[in-house]
Amino acid sequence: MTSTGFRRTFVAIGVCSSLALAATACGSGDDGSASGKTRITVNCEPPKSARTDRRFFDADVASFEKQNPGIDVVTHDAFPCEDPKTFDAKLAGGQMEDVFYTYFTDVDHVVDINQAADLTPYLKELKSYGTIQKQLRDIYTVGGKVYGIPRTGYSMGLIYNRTLFQRAGLDPDRPPTTWDEVRADAKKIAALGDGTVGYADYSAQNQGGWHFTAEMYSQGGDVVSADGRKATVDSPQGRAVLRTLHDMRWTDDSMGSKQLLVINDAQQLMGAGKLGMYLAAPDNIPILVKEKGAKYDDIAIGPMPGGQGTLIGGDGYMFAKHDSPAQIRAGLKWLDHMFLTPGKGFLGDYARAKKNDAPVGLPEPRLFTGAADAKDQQVKKANANVPVKNYQTFLDGNTKLRMRIEPRDAQQIYSVLDGTVSAVLTKKDADIDQLLKDASGKIDSILARS
């Protein structure tokens, strides 16, 4: 699954707009040297409805073209950046942009169907490449070759309401770090009454499967084997995840009566001050404040409970198979300018973000290392406009957790696990052992076909 942020505050976008289609096909399909310039098409331009982000993005593209007069960047916008309904069709039809947005979970698939350009010979053109976290670079490395460049990352944690913690007699500076503590704290918060929910979880639109996977990681489990061939949900960790949810829902009555929730439901409850805790990435925080009515001072985030691991995700850019060497070099320069220069560009110009009332100081996973990271953190700290102390336990806790990417065939697997989680949350007599056995068989079938 994707996190919820585009520019860490908006949802990601991509695919050709009708206006862009009138001027050019999604993918260039040529050598990109029209009018003596190297032309590249790129996607994930913010839509016009995201006025500030659109203005920033377009200004940064214009700045890049001014600095590189031999390169013409044609931007495409739509919603979302990657639409699962059209992504494969665009790849197969050769209509993908020259430089195109991908989730971390797309990499193997795009490479397997031979639609990605090998960037390995051109990495010297990307000044920032060596400064990017190795674990993120490795996501786009397949068989020793580099097929993409990471742009952002996220990791899951426990978002909680400090005010409700205080009212329930809990320490708002010490969020729960085990699932037993989550259960105990949720029970106390729910006891406040007046429709207050202690803990909420998703169980629809593949989001239940996404969270089940994150909860498995948190306890040291997995949903598929290391070789990707067999399901591993029918395990002690799988039973522990479902048993905890079942008991919170039916024994403690701390999850509320309304189930089959998705992310917006949890955000609405949290924004209204009626929810104690839910799992999410830090980029949920500005959405809670700007769209759902919460206050920054009330919202905090702690590490993933369980102490074993956390689910990470993120995005980056890959290059179309048909790209010419000139287009690849131009695209790498564009990525450096837009996203990969500490303290500058679309994601890194924290002074500009602060001036335009965008949140600065949220605890995103660090993209850079060494001197680049130090520079990025220095500029971010100087422009922070959110209560960073509310996120320190998340940052500290993350250093002790294993970072785990989503499984291959994630969306199909999540669809299966949605039914598993929803059954536990809607049926008091749900047979956990049978649910896991059934899910395991269905996931094995998915893996056998991939």
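Just so you know, the residues in each chain are numbered from 1, in the order the chain's sequence is written. The model is predicted, so local features are restricted to residues of pLDDT at least 70 and side-chain atom pairs to those at 80 or more, both for listing and for counting; the totals for chains, interfaces and linings are taken over all residues. Excluded from the side-chain calculation are hydrogens and water; included are all heavy atoms of the structure.

K.L.:
Before we go on, may I ask you to explain helix H18 (residues 432-449) in this structure?
P.N.:
Secondary structure follows DSSP: runs of H or I at least 4 residues long count as helices, runs of E at least 2 residues long count as strands, and numbering of each begins at the N terminus. To estimate the expected span of a helix, count its residues, drop one, and scale the result by 1.5 Å. Its 18 residues place the ends of H18 26 Å apart at the C-alpha level, agreeing with the 26 Å of an ideal helix rising 1.5 Å per residue. The buried label goes to any residue with under 20% of its type's maximum accessible area, the exposed label to any with over 50%, and the partly exposed label to all in between, with areas taken from a 1.4 Å probe on protein chains only. Among the residues of H18, those classed as buried are Ile432, Leu435, Leu436, Ala439, Ser440, Ile443, Asp444, Ile446 and Leu447. The arc enclosing the buried residues of H18, seen along the axis, measures out at 170 degrees, which places them on a common side. Facing away from the buried side of H18 by over 90 degrees, the exposed positions are Lys437, Lys442, Ala448 and Arg449. The contact definition used throughout considers only heavy atoms, calling two residues in contact when any of these lie within 4.5 Å. Contact partners of the buried residues in H18: helix H8 (207-218), helix H9 (236-251) and helix H17 (410-426). For H18, the capping residue at the N-terminal end is aspartate 431, with a side-chain oxygen 3.2 Å from the backbone nitrogen of aspartate 433. Starting at the helix axis, one direction is taken to each C-beta atom, and the arc is that of these directions. In protein, a polar contact means a hydrogen-donor-capable atom and an acceptor-capable atom, both N or O and within 3.5 Å, with residues adjacent in sequence counting only if both atoms are side-chain atoms; elsewhere, any N or O pair within 3.5 Å suffices.

K.L.:
Hey, could you run me through the packing of helix H2 (residues 51-67) against helix H12 (residues 325-339) in this one?
P.N.:
A pair of packed helices is captured by two measures, namely the crossing angle of their axes and the spacing between those axes. Here H2 crosses H12 at 130 degrees, and the two axes come no closer than 10 Å. For the element pair H2 / H12, the angle class is oblique. For the crossing formed where H2 meets H12, the hand is right-handed. Across the interface between the two elements, Phe57, Asp60, Val61, Ser63, Phe64 and Gln67 from H2 touch Ala330, Lys333, Trp334, His337, Met338 and Phe339 from H12. Residue type decides the class: Asp, Glu, Lys and Arg count as charged, Ala, Val, Leu, Ile, Met, Phe, Trp, Tyr, Cys and Pro as nonpolar, and the leftover types, Gly among them, as polar. Among the residues making up the contact of H2 with H12, the classes are represented as seven nonpolar, three polar and two charged. Helix axes use the C-alpha atoms of the stretch in contact, all axes being lines fitted to C-alpha atoms, and the angles between their N-to-C directions lie in the range 0 to 180 degrees. Throughout, the term roughly parallel applies to angles under 35 degrees, roughly antiparallel to angles over 145, roughly perpendicular to angles from 65 to 115, and oblique to all others. In this scheme the crossing of two helices becomes right-handed for a clockwise turn of the near helix relative to the far one and left-handed for an anticlockwise turn of less than a right angle.

K.L.:
Sorry, what's going on with the pairing of strand S10 (residues 299-302) here?
P.N.:
The two faces of a sheet get side chains in turn, since along a regular strand they alternate between them. Residue alternation in S10 divides its side chains into two sets, Ile299 and Ile301 and Ala300 and Gly302, and both sets are buried. Pairing between strands is defined by DSSP: at least two bridges between them are needed. In the sheet, strand S7 (residues 157-161) pairs with S10 via four bridges, with the strands oriented antiparallel. Its bridge partner being in S10, tyrosine 160 is matched across the sheet by alanine 300.

K.L.:
Explain the sheet that holds S7 to me, please; I cannot follow it from the model alone.
P.N.:
Two orientations exist for strands paired in a sheet by backbone hydrogen bonds: parallel and antiparallel. Strand order in this open sheet of four strands is S8-S9-S7-S10, and the pairing throughout is mixed. Of all the strands in the sheet, just strand S8 (197-199) and S10 have a single pairing partner and so form its edges. Between one strand axis and the next, the sheet turns by 25 degrees as a mean value, whatever way the strands run.

K.L.:
Whenever I open this one, the packing of H8 against H9 confuses me. Can you help?
P.N.:
Packing of H8 against H9 leaves a shortest axis separation of 9 Å and a crossing angle of 115 degrees. By crossing handedness, the relation of H8 to H9 is classed as right-handed. Facing Phe212, Glu215 and Met216 of H8, the residues of H9 in contact are Gln237, Gly238, Val241, Leu242 and Leu245.

K.L.:
Help me understand the pattern of salt bridges in this model?
P.N.:
Side chains that differ in charge, positive against negative, can pair when their charged atoms come close. A pair is scored as a salt bridge if a Lys or Arg side-chain nitrogen falls within 4 Å of a carboxyl oxygen belonging to Asp or Glu. Scanning the entire structure with this criterion turns up 22 salt bridges. The closest approach of N and O atoms between glutamate 125 and arginine 329, which form a salt bridge, is 3.5 Å. Taken together, the positions of glutamate 125 in the loop between helix H4 (107-112) and helix H5 (134-137) and arginine 329 in helix H12 put the pair 204 residues apart, joining distant regions of the chain. Note on glutamate 125: relative accessible area 24%, which makes it partly exposed.

K.L.:
Please clarify how H12 should be interpreted in this entry.
P.N.:
At 3.6 residues per turn, the α-helix brings residues three or four places apart onto the same side. In this model, H12 (15 residues) spans 21 Å end to end at C-alpha, consistent with the 21 Å of a helix rising 1.5 Å per residue. Most of H12 sits out of view: 11 of its 15 residues are buried. Those residues of H12 lying buried are Gln327, Ile328, Ala330, Gly331, Leu332, Trp334, Leu335, Asp336, His337, Met338 and Phe339.

K.L.:
Looking at this model, I keep getting lost on the packing of aromatic side chains. Mind explaining?
P.N.:
Aromatic rings in a pair are described by how distant their centres are and how their planes are angled relative to each other. In this analysis, rings of Phe, Tyr and Trp, with Trp reduced to its six-membered ring, are considered paired at centre separations within 6.5 Å, and the interplanar angle assigns stacked below 30 degrees, edge-to-face beyond 60, and tilted for intermediate values. Enumeration according to the criterion identifies 13 aromatic pairs in this entry. Aromatic pair tyrosine 101 and tyrosine 103: ring centres 5.6 Å apart, planes at 80 degrees, arrangement edge-to-face. The class of tyrosine 103 is buried, set by a relative accessible area of 16%. Of the aromatic side chains, those joined through ring pairs into one cluster are Phe57, Tyr101, Tyr103, Tyr317, Trp334, Phe339 and Phe346. Any Lys NZ or Arg CZ found within 6 Å of a ring centre and within 35 degrees of that ring's normal is scored as a charge over the ring. Over the face of the ring belonging to phenylalanine 339 we find arginine 151, whose NZ or CZ atom lies 5.1 Å from the ring centre.

K.L.:
When you look at the nonpolar core in this model, what are you seeing that I'm missing?
P.N.:
In these notes, a set of buried Ala, Val, Leu, Ile, Met, Phe, Trp, Tyr and Cys residues joined through side-chain atoms within 4.5 Å is what counts as a nonpolar core. Of all hydrophobic cores here, the largest spans 73 residues; its most connected members are Ile159, Tyr199, Phe212, Met277, Tyr278 and Ile443. With nine residues, the top contributor of residues to this core is H17.

K.L.:
It is not clear to me how the state of the cysteines should be interpreted in this structure. Could you clarify?
P.N.:
Working definition: the covalent bond between the sulfur atoms of two cysteines is a disulfide. A pair of sulfur atoms, both from cysteines and within 2.5 Å, is called a disulfide here. As enumerated under the stated definition, the model contains one disulfide in all. Two residues, cysteine 44 and cysteine 81, share a disulfide whose sulfurs are 1.8 Å apart. One disulfide, between cysteine 44 and cysteine 81, carries an S-S torsion of 80 degrees and so falls in the right-handed class. Placement of cysteine 44 in strand S1 (residues 38-45) and of cysteine 81 in the loop between strand S2 (71-77) and helix H3 (84-92) is noted, with a sequence separation of 37 residues between them. Here cysteine 44 and cysteine 81 have matching classes, each one buried.

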